[in-house]
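Remarks on the overall topology
Chain by chain, the residues run as shown.
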Amino acid sequence: MKAKRMLSKLIYKWSICFGLVSALASAPVLAEETENEAGAGGDVWLTPPPPKQTLQEEPSPLKQTLQEESSPLKQALQEEPAYVFDWEISSFLEEGIAYHREGELAGAIALYERCRQHDARRIEVLPYLALALDQQGRHEDSLRCYEEYLLQEPDDDLVRFNSAVALAHAGDFVRAAEVAEPMLERYQREPLYTLLGVAHLHLGHKELALQYLKKAVELQPEKGGVYSNLGSAQLQWGDVAEASRNLSRALQLAPDDGAVLNNAGAVLEAKGKRQLAVLAFQEAAKRGITSAEINELALDCALGQADTLQAAQCADKYPQLSQARLLYVWALLADERPQEAAEELERWQSEHGEDMASCVYLGNIYYKMGHYAKALGQYRAVLSVQDTPEAHYNISLCLSKLGQAEEAGQEARRAYEMSAQRPEIIYNLARCCEALENYGEAQKLYRRLAAEYPNFIDPQQLEKHCRRF
């Protein structure tokens with residue numbers, strides 16, 4: 001189909017924009033449980049820490065470079081029309097693309113839809129319409145357009161790639177990876193590897209994420225964004241030295257890139273250079289990176305230099321951004337107002353649906369308040385999105401509180417099978433085995449904790465456990 005000459009130019013520029021607002025979306029917070037000093041089982045619900053790095057504000061880290069001279073959309077406009085439309089459809093499409101290029105998404109969408117109303121059989125407009133809808137945050141509508149187009153043009157890899165991007169924007173990183181990975185055999189390009197790296201980053205697959213992001217660097221070694229992406233992923237997993245090295249390289253190549261500046265701010269904050277981090281966030285915000293403004297406020301909150309009112313104003317300013325709302329929730333929790341924080345998250349879920357970050361936070365709040373059945377529902381919602389050891393661990397804690405020892409033990413064992421090196425998961429499985437009178441395995445697990453993680457639990461308390469057998 002000749003239209004592919006135009007449509008093949010529609011490809012996203014992908015960049016991760018990490019900042020302070022995050023472990024929420026990518027790393028579930030555990031409702032941890034330990035022993036108190038008296039030796040009886042006691043819950044210690046940890047208030048979520050100041051948010052750390054995350055992907056850029058929704059709708060996402062993917063950006064369409066419509067304003068750049070090398071913009072794929074501009075290149076598309078310079079080509080010969082792919083179809084001889086009648087005058088009306090041609091005018092609507094060209095005017096829609098012009099609006100799109102200038103960032104006027106509402107106008108572009110209206111014109112693209114008029115093309116479809118004029119002749120629904122014309123599918124050439126669908127990738128443009130899908131792209132604009134996705135950029136506007138209407139991800140489900142966008143995905144329907146992509147699906148309709150790809151049913152008729154299943155071999156159009158670039159449109160399929162953009163559909164994977166839309167899935168990532170919608171928070172469905174499992175399906176995004178499922179769509180993108182088969183394309184590797186025939187589409188060896190940096191954006192695809194970056195997309196896969198980001199998807200697996202969200203899914204907690206460290207080795208795969210780093211593998212794909214390093215391949216993106218290999219394919220585009222002179223592009224600052226790929227070093228920024230890799231450094232941000234390394235920062236998420238605590239490798240500050242490597243993150244700093246890669247962000248330094250990114251700044252050399254793209255010193256004025258807002259996403260790079262924002263990510264540099266996150267690295268500076270991790271290194272304790274908070275004043276420089278604030279300056280980096282401010283410069284990123286000047287370049288249109290919304291998450292940088294939120295990151296700066298998060299840092300101010302962590303330093304005690306901002307209050308709940310400022311966080312509320314930020315949430316009101318960006319009502320569609322989950323990071324802004326989560327920052328406000330964190331501020332409420334820090335102010336010891338868990339009931340209001342729960343109500344805020346309940347309102348968010350009623351308006352936007354359940355996402356992983358809101359479910360983790362709300363589950364932890366319910367757990368602290370003793371509403372274990374409600375907490376269980378939130379953690380199970382997390383599990384429906386992503387199968388993680390943290391989700392199974394949290395579900396196990398709730399089931400134990402609800403007196404469902406056998407089911408709690410099953411969830412604790414599943415968490416252990418997925419992450420057998422984490423002391424809190426080992427400890428929880430040991431307690432579940434003890435509750436089920438599986439004393440032999442419980443003792444082995446307690447002994448392992450004492451040998452491998454001597455600082456995790458007080459040795460006297462551990463000895464008390466073992467003497468019970």
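Residues numbered from 1 in each chain as written. Predicted model: local features only at pLDDT ≥ 70, side-chain atom pairs only at ≥ 80, totals over all residues. Heavy atoms only, no water.

**Focus: the overall build of the protein**
What counts is decided by this rule: Helix and strand assignments come from DSSP, with helices taken as H or I runs of at least 4 residues and strands as E runs of at least 2, each series counted from the N terminus. Each residue's exposure class comes from its accessible area (1.4 Å probe, protein chains only) as a fraction of the maximum for that residue type: buried when under 20%, exposed when over 50%, partly exposed otherwise. Contacts between residues were defined by any pair of non-hydrogen atoms, one from each residue, lying within 4.5 Å. Under the convention used here, a 1.4 Å probe and the Shrake-Rupley method define accessible areas, while residue burial counts only the protein chains that appear.
Each helix and strand in the protein was counted, giving 26 helices and four strands. Each of the 469 residues in the protein was classed as buried or not, and the buried ones make up 54%. Considering only contacts in the protein between residues 6 or more positions apart, those separated by 24 or more positions represent 60%. Surface summary for the protein: the accessible area is close to 20,600 Å², and the carbon and sulfur share equals 48%.

**Thoughts on helix H8 (residues 157-169)**
To keep it simple, the criterion reads: Given the number of residues in a helix, its expected span is that number minus one, multiplied by 1.5 Å.
End to end, H8 covers 18 Å across 13 residues, agreeing with the expected 18 Å (1.5 Å per residue, within 8%). Counting buried positions along H8 gives twelve out of 13 residues, so the element sits mostly inside the fold. Here H8 has its buried residues at Asp157, Leu158, Val159, Phe161, Asn162, Ser163, Ala164, Val165, Ala166, Leu167, Ala168 and His169. Just beyond H8, the residue with positive phi is Gly171, at close to 85 degrees.

**Some thoughts on the packing of helix H5 (residues 105-118) against helix H6 (residues 126-135)**
The condition is simple: Axis definition: a line fit to C-alpha positions, over the contact stretch in the case of helices; interaxial angles, taken between N-to-C directions, run 0 to 180 degrees. Any angle from 65 to 115 degrees is called roughly perpendicular, while one under 35 is roughly parallel, one over 145 is roughly antiparallel, and all others are oblique. Each crossing is labelled by how the near helix is turned from the far one, with a counterclockwise turn of less than a right angle marking it left-handed and a clockwise turn marking it right-handed. Nonpolar residues are Ala, Val, Leu, Ile, Met, Phe, Trp, Tyr, Cys and Pro. Charged residues are Asp, Glu, Lys and Arg, and all others, Gly as well, are polar.
Two elements in contact, H5 and H6, have axes separated by 9 Å at closest approach and are oriented at 150 degrees. With respect to their mutual orientation, H5 and H6 come out roughly antiparallel. With respect to the hand of their crossing, H5 and H6 are arranged in left-handed fashion. Side by side, H5 and H6 meet where Leu105, Ile109, Tyr112, Glu113 and Arg116 of the first sit next to Leu126, Tyr128, Leu129, Ala132, Leu133 and Gln135 of the second. Tallied by class, the residues present in the contact of H5 with H6 amount to eight nonpolar, one polar and two charged.

**Side note on the side chain of Asn263**
Rules: The term polar contact refers here to a pair of N or O atoms within 3.5 Å; inside protein, the definition further demands a hydrogen-donor-capable atom paired with an acceptor-capable atom, and it admits residues adjacent in sequence only when both atoms are side-chain atoms.
Its place among the elements puts Asn263 in helix H14 (residues 258-270). When its relative accessible area of 1% is taken as the criterion, Asn263 is described as buried. A distance of 2.5 Å separates polar atoms of two side chains, one belonging to Asn263 and the other to Ser228.

**A closer look at the pattern of salt bridges**
What counts here: Criterion for a salt bridge: a side-chain nitrogen of Lys or Arg within 4 Å of a carboxyl oxygen of Asp or Glu.
Counted under the stated rule, the structure contains 23 salt bridges. Put simply, Arg448 and Glu452 hold a salt bridge, and the shortest N to O gap is 3.1 Å. In this pair, Arg448 and Glu452 are both assigned in helix H25 (residues 439-452), four residues apart and thus about one turn of the helix distant. What makes Glu452 partly exposed here is its relative accessible area of 44%.

**Structural notes on helix H20 (residues 356-369)**
Residues lying three or four places apart along an α-helix face the same way, a consequence of the helix completing one turn every 3.6 residues. For H20, which comprises 14 residues, the first-to-last C-alpha distance of 20 Å matches the rise-based estimate of 20 Å (1.5 Å per residue) to within 8%. Within H20 the residues assigned to the buried category are Met356, Ala357, Ser358, Cys359, Val360, Tyr361, Leu362, Gly363, Asn364, Ile365, Tyr366 and Tyr367. Of the residues flanking the end of H20, it is Gly370, one or two places downstream, whose phi is positive at about 85 degrees.

**Concerning the packing of aromatic side chains**
Operational definition: The rule is short: rings of Phe, Tyr and Trp, with Trp giving its six-membered ring, pair when the centres are within 6.5 Å, and they are stacked under 30 degrees, edge-to-face over 60, tilted in between.
In this structure the tally under the stated criterion is six aromatic pairs. Their ring planes at 45 degrees and their centres at 6.0 Å tell us that Tyr112 and Tyr128 sit as a pair that is tilted. With Tyr112 in helix H5 and Tyr128 in helix H6, the pair connects residues that are 16 residues apart, well separated along the chain. Across the pair, exposure class does not vary: Tyr112 and Tyr128 are buried alike. Where Tyr427 meets Phe456, the ring centres are 5.9 Å apart and the plane angle is 65 degrees; that geometry is what we call edge-to-face.

**Here's the deal with the environment of Ala241**
Tracing the sequence through the fold places Ala241 in helix H13 (residues 240-253). Given a relative accessible area of 58%, Ala241 falls into the exposed group. Between the C-alpha atom of Ala241 and that of Val267, which follows or precedes it by 26 residues, the distance is 9.1 Å.

**What about the environment of Leu261?**
Its location among the elements puts Leu261 in helix H14. Here the alpha-carbon distance between Leu261 and Ala284, two residues 23 residues apart in the chain, equals 5.4 Å. Setting aside anything within four residues of it in sequence, one finds Leu261 in contact with Leu251, Pro255, Asp256, Ala280, Glu283, Ala284 and Arg287.

**Notes on unusual backbone geometry**
Look at Glu336: it is not a glycine, yet its phi comes out positive at around 60 degrees. Note on Glu336: relative accessible area 69%, which makes it exposed. Within the chain, Glu437 stands out as a residue other than glycine whose phi angle is a positive 65 degrees. You can see Glu437 is positioned in the loop between helix H24 (423-435) and H25.

**Some thoughts on the confidence of the model for the protein**
How we decide: Every residue gets a pLDDT, meaning the predictor's confidence in that residue, from 0 to 100.
The pLDDT averaged across the protein works out to 78; a share of 79% of its residues lies at or above 70. Ranking the elements of the protein by mean pLDDT puts helix H2 (residues 23-26) last with 27 and helix H23 (residues 405-418) first with 95. Throughout residues 1-85 the model reports pLDDT below 50, and contacts reaching past four residues in sequence, or to other chains, amount to 280 contacts.

**With respect to the state of the cysteines**
This is how the line gets drawn: In this description, the term disulfide denotes a pair of cysteine sulfurs within 2.5 Å.
Counted by the stated rule, this structure contains zero disulfides. Between Cys433, a cysteine without a disulfide, and Cys432, which holds the nearest cysteine sulfur, the sulfur-to-sulfur distance is 7.1 Å. Overall, the relative accessible area of 4% leaves Cys433 in the buried class.

**Re the environment of Pro127**
With respect to the secondary-structure elements, Pro127 resides in helix H6. A sequence separation of 36 residues divides Pro127 from Ser163, and the C-alpha atoms of the two residues are 9.0 Å apart.

**Remarks on the packing of helix H7 (residues 139-152) against H8**
Two numbers describe how H7 lies on H8: the axes approach to 9 Å, and their chain directions differ by 155 degrees. When the interaxial angle is binned, H7 and H8 end up roughly antiparallel. Remark: the crossing between H7 and H8 carries left-handed chirality. Contacts between H7 and H8 pair His139, Ser142, Leu143, Tyr146, Tyr149 and Leu150 from the former with Val159, Arg160, Asn162, Ser163, Ala166, Leu167 and His169 from the latter. Class assignment for the residues of the contact of H7 with H8 results in seven nonpolar, five polar and one charged.

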